[in-house]
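Residue-level structural notes
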Amino acid sequence: QAQLVESGGGLVQPGGSVRLSCLASGFTFSRSAVSWHRQAPGKERELVAAITSAAGSTNYADSVKGRFTISRDNAKNTGYLQMNSLKPEDTAVYYCNAEVWDAIKAEIARYWGQGTQVTVSS
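My aim in this report is to walk through the structure given alongside it, one point at a time.

Procedures and definitions
Residues numbered from 1 in each chain as written. Predicted model: local features only at pLDDT ≥ 70, side-chain atom pairs only at ≥ 80, totals over all residues. Heavy atoms only, no water. Disulfide = S-S within 2.5 Å. Helix = DSSP H or I, 4+ residues; strand = E, 2+ residues; numbered from the N terminus. Buried < 20%, exposed > 50% of the residue type's maximum accessible area, 1.4 Å probe, protein only. Polar contact = N/O pair within 3.5 Å; in protein donor to acceptor, adjacent residues only side chain to side chain. Contact = heavy atoms within 4.5 Å. Core = buried A, V, L, I, M, F, W, Y, C linked by side-chain atoms within 4.5 Å. Salt bridge = Lys/Arg side-chain N within 4 Å of Asp/Glu carboxyl O.

It is worth spelling out the state of the cysteines at this point. Tallying each qualifying case throughout the model produces 1 disulfide. Two residues share a disulfide in this structure: Cys22 and Cys96, whose sulfurs sit 2.1 Å from each other. Disulfide Cys22-Cys96: the torsion about the S-S bond is -80 degrees, which places it as left-handed. In this pair, Cys22 sits in strand β3 (residues 18-25) while Cys96 sits in strand β9 (residues 92-102), placing the two residues 74 residues apart along the sequence. For the pair formed by Cys22 and Cys96, the shared burial category is buried.

Put into structure tokens, the structure is as follows:
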């Protein structure tokens, strides 16, 4: 059974840093595109950052460019989101997403983690 498990969230002061991890199992992680999304109270879920399967390409929401870095370690089946210079408006539940081609079903399989809370406050 495919699964994504996020970790690393918590309370951090403005200007601080935190690194989120996303451990994958049950599918070929190295073939998946990985992205991080967040949802703040009363707001829709939004894309924060994405990375291709071979880590050859990344993209970021304008609000986090220059502060967040997405990466992956395919040998460890793990994706990461390094968040620096955090602001109160970064407070949200952060979700990991992986998308991979399912050759048996001939469709893209999409998986979500359970989410991890990041709160930026003094």
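Take the side chain of Arg38 next. Relative to the elements of secondary structure, Arg38 occurs in strand β4 (residues 33-39). Looking at Arg38, its side chain comes within polar contact range of the side chain of Glu46, at 2.7 Å. At 3.0 Å, the side chain of Arg38 and the side chain of Tyr94 are in polar contact. Residue contacts for Arg38: discarding those within four places in its chain leaves Glu44, Arg45, Glu46, Val48, Ser63, Val64, Phe68, Glu89, Asp90, Ala92, Val93 and Tyr94.

Attention now goes to unusual backbone geometry. Notably, Asn77 is not glycine yet its phi reads approximately 55 degrees, a positive angle. With respect to the helices, strands and loops of the structure, Asn77 is situated in the loop between β7 (68-73) and β8 (78-83). One non-glycine residue, Ala106, lies in the positive phi region at around 55 degrees. Mapped onto the fold, Ala106 is located in the loop between β9 and β10 (107-112).

Now for the environment of Gly10. The topology assignment puts Gly10 in strand β2 (residues 10-12). Judged by relative accessible area, Gly10 falls into the partly exposed class, the value being 30%. For the pair Gly10 and His37, spaced 27 residues apart in sequence, the C-alpha separation works out to 16 Å. With residues near it in sequence (within four places) discarded, Gly10 still touches Gln117, Val118 and Thr119.

A few words on the nonpolar core. Counting 29 residues, the largest nonpolar core has Phe68, Leu81, Met83 and Tyr94 as its most contacted members. Elements supplying a minimum of two residues to this core: β3, β4, β5 (46-51), β7, β8, β9 and β11 (116-120). Of the residues forming this core, the biggest block, 5 residues, is contributed by β9. Once you skip the residues sitting within four places of it in the chain, Tyr94 turns out to touch Glu6, Leu20, His37, Arg38, Val48, Phe68, Leu81, Met83, Gly115, Thr116 and Val118.

As a further point, take the pattern of salt bridges. The tally for this structure, following the rule as stated, stands at 5 salt bridges. Note that Arg67 is salt-bridged to Asp90, the shortest N-O span being 2.7 Å. With Arg67 in the loop between β6 (58-60) and β7 and Asp90 in the loop between β8 and β9, this pair connects stretches of sequence that are 23 residues apart. You'll find Arg67 and Asp90 in the same group, each marked buried.

None of the figures reported here should be taken as evidence of function without further support.
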